[in-house]
Amino acid sequence: METRHGMADRRGTVRFGELLRRHRKAAGLTQESLAAAAELSSRTVGNLERARAKVPQRRSVAALADTLQLTGEPRSEFLRAAIAERMPRAGEPVPGVRPAQLPPELSDFTGRAEAVAELCAGLGPHGPAATGAAGPVRPEARPRVAVLTGPAGVGKTATAVRAAHRAREHFPDGQLHLDLRGSAPVPATTGQLLGTLLRTLGVPATQVPAGAADRWERYRALVAGRRFLLVLDDAADTAQVAAVLPASATCAVLVTSRVRLRGLPGATLVRLGPLPRAEAGAFLARLVGPARTAAEPAAAAAVLTACQGLPLALRVVGARLAARPAWGIAALAGRLADPRRLLDELTAGDLSVRRALRESYLALPAEQERSGAFAAALFRLIGTLPGERIHGRVLVARSGLPEDEVRAALAALADRHLLEPVDEHDAGGLPGPLDALGPMDAPGPLDAPGPLETLDTRGALGTLGPLGSRGALAPEHPWAYRIDPLVKCFATELAGPAGAVATTGAGAAARAVTGTGRDTGAALRATDPAREVPGKSLAASW
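Note that the coordinates shown come from a computational prediction; the quantities given were computed from them, not determined experimentally.

### So, the overall build of the protein
Now for step 1: In terms of helices and strands, the protein carries 26 helices and 12 strands.
Now for step 2: A buried classification covers 51% of the 542 residues belonging to the protein.
Now for step 3: Within the protein, residue pairs in contact and separated by at least 24 positions form 76% of the contacts whose partners lie at least 6 positions apart.
Now for step 4: For the protein, the accessible surface area stands at approximately 23400 Å², while carbon and sulfur atoms represent 54% of it.

In structure tokens, the structure reads:
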């Protein structure tokens, strides 16, 4: 195929070597003078013109264009030709590469049928290439995206793996799986993720481009027009996901995250909550044996209540009982009944509810410097308040923080699923059972001295008006929240002597850190019992 500019390859793009020769001659340069000015060897320039050398990286191509004084459309054409020859053709598979990276399904997976169905529908068959319909696929079209969010230990990874296996028949070119390490102290970078994807798609390690932009170009060309399913596990935020989304409508992406991800246009959003009681009971029976749970129904019911439908907690219980065949369920149920030792009992090897919650807590300051610091401080304050219902007005009165800061902090906690927003009227607008509160104490800032457990919530609320009316409260920023009992145990640990973190002084620490611009995460961790933990297995992700 010939164009008015010169030779073109079978993709319809003018060959880079031909463009290089034409522009060099038009500039009156020899191969040697062009090579010297662009800091290349004359042999390289000659081989490029004869299509005997691989097109160099972006910086070298730009240097050639600068030396040739190319601007406007001629420069754009020159750069496009270089990119086209450096990349494989759209849809051209790497020989012998058909990745199948999905982890195996858990043999004891239980329930979640509705969530799996929603995810599969969100992934769907994709575009003309996937459905068999005629017509080209627009390379700029977005892939389908399904996002599964929920609190730590709720079974997001296991559910996503189940859905991915159900949907994989629609993606015959391969299934890729990436751990984004969003709950780790240092999440994976875009460059790391793209490098892993390129190597998985058959690019030799020595040929993986150094820069993230070049890696993205190569990745986009490799997946264009092909039918891949990409599973992104444990995303830190929307930006981390967006950086590796394939620009092809024939692909689909399944994301799991502890964060309520926003800003992914057209994504199917599925939130995973605790297992319903019946499914939790069936899961426990699969873990320890139906005969064993049937022999002690009352004890099994007590275990279910303690675990609150959290699959990770149930898996820990199952592992502990399986390791002690002679141990009655009632013995463990009695140990789980003490809230002071509950999280100690919900630990078995690398399975730990406390560790999963700690990861979510430690990620708070990384989101926004101010709201993250206040969120961590308010989370510890919540651990000192009675009950499982929280109202923002109580926290404003008790902390001494501005209302907008409390709102932002509560939103940050809710985004991490450490709190769940509820309707203010359904919650009664109250933080907990008033009869359980002690004598009245005047509300004060987080760093005020005195036992926090003596706070009289009625006194604090009395200065702030009735709770039965929303007044000017914006509906997108709820004031009423609920904290899960297991999360409440963790918050109480952080606030109490056992957690080595006194809630008193937390407000001053948060304000001092955000006021001076120092690293909030480092400052909070300096007064925090939380420790870094290793990565998770699929079973641990429950």
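### Describing the environment of D484
Now for step 1: Here D484 lies in the loop between β12 (480-482) and α24 (485-495).
Now for step 2: Along the primary structure D484 and H417 are separated by 67 residues, whereas in three dimensions their C-alpha atoms are 9.5 Å apart.
Now for step 3: Separated by 2.9 Å, the side chain of D484 and the backbone nitrogen of L486 make a polar contact.

### Digging into the packing of aromatic side chains
For any pair of aromatic rings, geometry is given as the distance between the ring centres together with the angle between the planes.
Now for step 1: Here the structure, examined in full by the defined rule, presents 5 aromatic pairs.
Now for step 2: Judged by centre distance (4.8 Å) and plane angle (45°), the ring pair of F16 and F78 falls under tilted. A residue pair is termed long-range when its members are at least 10 positions apart, and F16 in helix α1 (residues 16-26) and F78 in helix α5 (residues 72-86) qualify at 62 residues. Grouping residues by exposure puts F16 and F78 together as buried.
Now for step 3: On the basis of an interplanar angle of 40° and a centroid distance of 5.6 Å, the ring pair of Y361 and F379 is categorised as tilted. Here the residue Y361 occupies a position in helix α18 (residues 353-362), and F379 occupies one in helix α20 (residues 369-382), the gap between them amounting to 18 residues. An identical accessibility class is assigned to Y361 and F379; each is buried.
Now for step 4: Three or more aromatic residues joined by ring pairs form one cluster here, namely Y361, F379 and F490.
Now for step 5: Between R407 and the ring centre of W479, over which it is positioned, the NZ or CZ distance is 4.1 Å.

### Regarding the nonpolar core
Now for step 1: Residues L254, V317, L346, F379, L395 and L413 are the most contacted members of the largest nonpolar core, which totals 85 residues.
Now for step 2: Setting aside anything within four residues of it in sequence, one finds F379 in contact with Y361, L413, L418, I483, V487, F490, A491 and L494.

### Comments concerning the sheet that holds strand β10 (residues 389-391)
Now for step 1: Strand order in the open sheet formed by 3 strands is β10-β12-β11, with antiparallel pairing between adjacent strands. Two strands bound the open sheet, and with one partner strand each, they are β10 and β11 (420-421).
Now for step 2: Note: β10 against β12, 3 bridges, orientation antiparallel. Residue pairing in the sheet places R389 in a bridge with R482 of β12.

### Looking at the confidence of the model for the protein
Now for step 1: Per-residue confidence for the protein averages 75 on the pLDDT scale, and 70% of its residues sit at or above 70.
Now for step 2: By mean pLDDT, helix α23 (residues 457-462) is the weakest element of the protein at 32, and strand β6 (residues 252-257) is the strongest at 95.
Now for step 3: Throughout residues 126-140 the model reports pLDDT below 50, and contacts reaching past four residues in sequence, or to other chains, amount to 25 contacts.

### Considerations on the environment of D237
Now for step 1: Here D237 shows up in the loop between β5 (228-233) and α11 (238-242).
Now for step 2: Given a relative accessible area of 36%, D237 falls into the partly exposed group.
Now for step 3: Put simply, D237 and S257 are 20 residues apart on the chain and 7.9 Å apart in space, counted from C-alpha to C-alpha.
Now for step 4: A polar contact of 2.9 Å, which involves the side chain of D237, links it to the backbone nitrogen of Q240.

### As for the pattern of salt bridges
Now for step 1: Taken as a whole and judged by the stated rule, the model has 20 salt bridges.
Now for step 2: Residue R98 pairs with D173 through a salt bridge whose shortest N-O separation is 3.9 Å. With a gap of 75 residues between them, R98 in the loop between α5 and α6 (113-123) and D173 in the loop between α8 (156-167) and β4 (174-179) connect regions that are remote in the sequence.
Now for step 3: A salt bridge links E493 to R354; the shortest N-O distance between them is 2.8 Å. Of the two residues, E493 sits in helix α24 while R354 sits in helix α18, which places them 139 residues apart along the sequence.
Now for step 4: Owing to a relative accessible area of 15%, R354 belongs among the buried residues under this scheme.
Now for step 5: Salt bridges here are not isolated pairs; linked through shared partners, they connect E18, R21, R24 and E49.

### Topic: the side chain of S352
Now for step 1: Along the chain, S352 turns up in strand β9 (residues 351-352).
Now for step 2: At 3.4 Å, the side chain of S352 forms a polar contact with the backbone nitrogen of R354.

### Topic: the sheet that holds β6
Now for step 1: Spatial strand order, β4-β5-β6-β3-β7: 5 strands in an open sheet with parallel pairing. Only two strands of the sheet have a single partner each, and these edge strands are β4 and β7 (268-271). Neighbour-to-neighbour, the strand axes of the sheet open up by a mean angle of 15°, direction not taken into account.
Now for step 2: Taken together, the 6 bridges between β4 and β5 define a ladder with parallel strand orientation. What sits directly across from Q175, in β5, is L229.

Analysis parameters
Residues numbered from 1 in each chain as written. Predicted model: local features only at pLDDT ≥ 70, side-chain atom pairs only at ≥ 80, totals over all residues. Heavy atoms only, no water. Helix = DSSP H or I, 4+ residues; strand = E, 2+ residues; numbered from the N terminus. Buried < 20%, exposed > 50% of the residue type's maximum accessible area, 1.4 Å probe, protein only. Contact = heavy atoms within 4.5 Å. Areas by Shrake-Rupley, 256 points an atom, 1.4 Å probe, with all protein chains shown as cover. Polar contact = N/O pair within 3.5 Å; in protein donor to acceptor, adjacent residues only side chain to side chain. Phe/Tyr/Trp six-rings, centres within 6.5 Å; stacked < 30°, edge-to-face > 60°. Lys NZ or Arg CZ within 6 Å of the ring centre and 35° of its normal. Core = buried A, V, L, I, M, F, W, Y, C linked by side-chain atoms within 4.5 Å. Pairing = 2+ DSSP bridges. pLDDT = per-residue confidence, 0-100. Salt bridge = Lys/Arg side-chain N within 4 Å of Asp/Glu carboxyl O. Axes fitted to C-alpha atoms, helices over the stretch in contact; angles between N-to-C directions.

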